[in-house]
Amino acid sequence: MHFLNSIAFNIIKKLIQTGKTLSTAESCTGGLIASSITDIPGASKVFLGGMVVYATEMKLRLLGVAKEVLDYGVISSQMAEAMALKIKLLTGSDYSIATTGNLGPDVMEGKAKGLIYIAVATPEKVHIKELNLQGDRLSNKTEATEEALKLFLELL
């Protein structure tokens, strides 16, 4: 079993056991988190849905992130937190995962390639994790997805 599928399997199993639900809002991971979750049989019992909001405008228009959050930048812990809270509210899920960052190869917003923020919203609070990855775009995307799934599983 692929490593991401192994983590996702454990997430689905735990969510089913607890009767809780999950949603996602992804930018830099481009839907890979949702894809990994939905690869697992039974995911439809607990995964409510997700959004890939890659363009800044989509974070504002589709997800409903407040324009003021852009003061911190698209690549920021504040953006990740706002995305996680908005998708959780929109779907009514118990938990949500959001990602935003710079996969590379260039500096964006003055922020280095590989700077990724993950936010996991639980019923109690939002947990943020900052990553500073060193790979190419694809490996950074995969590693960010893995880290997001691992963080979520730890918090379940």
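The following paragraphs examine the structure supplied in this document. Starting afresh in each chain, residues are numbered from 1 along the sequence in its written order. Local features in this predicted model are restricted to residues of pLDDT 70 or higher, and side-chain atom pairs are both shown and tallied only at a pLDDT of 80 or more, whereas totals for entire chains, interfaces and linings draw on every residue. Remark: hydrogens and water are excluded; side-chain values derive from all non-hydrogen atoms of the structure.

## Regarding the pairing of strand β4 (residues 115-121)
So, point 1. Among the seven residues of β4, seven are classified as buried, and the element is accordingly described as predominantly covered.
So, point 2. Burial along β4 is two-sided: Leu115, Tyr117, Ala119 and Ala121 and Ile116, Ile118 and Val120, pointing in opposite directions, are all buried.
So, point 3. Any two strands with at least two DSSP-identified bridges between them are counted as paired. Comment: elements are numbered from the N terminus, with helices defined as DSSP H or I runs of at least four residues and strands as E runs of at least two. Relative to β4, strand β3 (residues 95-101) runs antiparallel, the two sharing six bridges. Directly across from threonine 99, in β4, lies its bridge partner isoleucine 118.
So, point 4. Counted along the chain from β4 to the antiparallel partner strand β5 (residues 126-132), the turn is four residues long. For every residue, the accessible area obtained with a 1.4 Å probe (protein chains only) is divided by the maximum for its type, and the residue is called buried under 20%, exposed over 50%, and partly exposed between those limits.

## Observations concerning the pattern of salt bridges
So, point 1. Each reported salt bridge corresponds to a side-chain nitrogen of Lys or Arg within 4 Å of a carboxyl oxygen of Asp or Glu. All chains considered together, the criterion is met by five salt bridges.
So, point 2. With its nearest N and O atoms 3.4 Å apart, the salt bridge here joins glutamate 147 to lysine 150. One end of the pair, glutamate 147, and the other, lysine 150, are both in helix α5 (residues 137-155), three residues apart, so they sit about a helical turn from each other.
So, point 3. A relative accessible area of 29% means that lysine 150 is categorised as partly exposed.
So, point 4. Each of Lys129, Glu146, Glu147 and Lys150 takes part in a single network of salt bridges with overlapping partners.

## Here we look at unusual backbone geometry
So, point 1. Put simply, glycine 104 and proline 105 share a cis peptide bond, and its omega is 10°.
So, point 2. Mapping proline 105 onto the fold places it in the loop between β3 and β4.
So, point 3. Phi is positive for glutamate 109, which is not a glycine, with a value near 55°.
So, point 4. You can see glutamate 109 is positioned in the loop between β3 and β4.

## Considering the environment of glutamate 154
So, point 1. With respect to the helices, strands and loops of the structure, glutamate 154 is situated in helix α5.
So, point 2. Relative accessible area serves as the criterion here: at 61%, glutamate 154 is assigned to the exposed category.
So, point 3. Taking the C-alpha atoms as reference points, glutamate 154 and isoleucine 11, separated by 143 residues in sequence, lie 9.5 Å from one another.

## With respect to the pairing of strand β1 (residues 22-26)
So, point 1. With five of its five residues buried, β1 lies for the most part within the structure.
So, point 2. Burial along β1 is two-sided: the residues Leu22, Thr24 and Glu26 and Ser23 and Ala25 are all buried.
So, point 3. Of the strand pairs in this sheet, β1 and strand β2 (residues 47-52) are connected by five bridges, and their pairing is parallel. Directly across from alanine 25, in β2, lies its bridge partner methionine 51.
So, point 4. We call a crossover right-handed when, viewed with both strands directed away from the observer, the connection leading from the first strand over the helix to the second proceeds clockwise. Tracing the backbone out of β1, into helix α2 (residues 32-38) and back to the parallel element β2 gives a crossover that is right-handed.
So, point 5. Note that β1 and β3 share five bridges and pair parallel.

## A word on the sheet that holds β5
So, point 1. Taken together, the five strands give an open sheet; going across it, the order is β2-β1-β3-β4-β5, and neighbouring strands pair in mixed fashion. The sheet is open, and its two edges are formed by β2 and β5, each paired on a single side. Neighbour-to-neighbour, the strand axes of this sheet turn through a mean angle of 10°, independent of strand direction.
So, point 2. Lying over the sheet, α5 contacts β1, β3, β4 and β5, oriented at roughly 30° with respect to β4. Every angle, taken between N-to-C directions, lies between 0 and 180 degrees, and every axis is a line fitted to C-alpha atoms, over only the stretch in contact when it is a helix. In this analysis, two residues are considered to be in contact whenever any of their non-hydrogen atoms come within 4.5 Å of each other.

## A closer look at the packing of aromatic side chains
So, point 1. Any pair of Phe, Tyr and Trp rings, taking the six-membered ring for Trp, is counted once the centres come within 6.5 Å. Such a pair is stacked with planes under 30 degrees apart, edge-to-face with planes over 60 apart, and tilted for the rest. Scanning all chains against the criterion turns up one aromatic pair.
So, point 2. With centroids separated by 5.4 Å and ring planes inclined at 80°, the aromatic side chains of tyrosine 95 and phenylalanine 152 adopt a geometry described as edge-to-face. Taken together, the positions of tyrosine 95 in strand β3 and phenylalanine 152 in helix α5 put the pair 57 residues apart, joining distant regions of the chain.
So, point 3. Under the relative-accessibility criterion, tyrosine 95 is labelled buried at 10%.
So, point 4. Taking the relative accessible area as the measure of exposure, phenylalanine 152 reaches 0% and is therefore buried.

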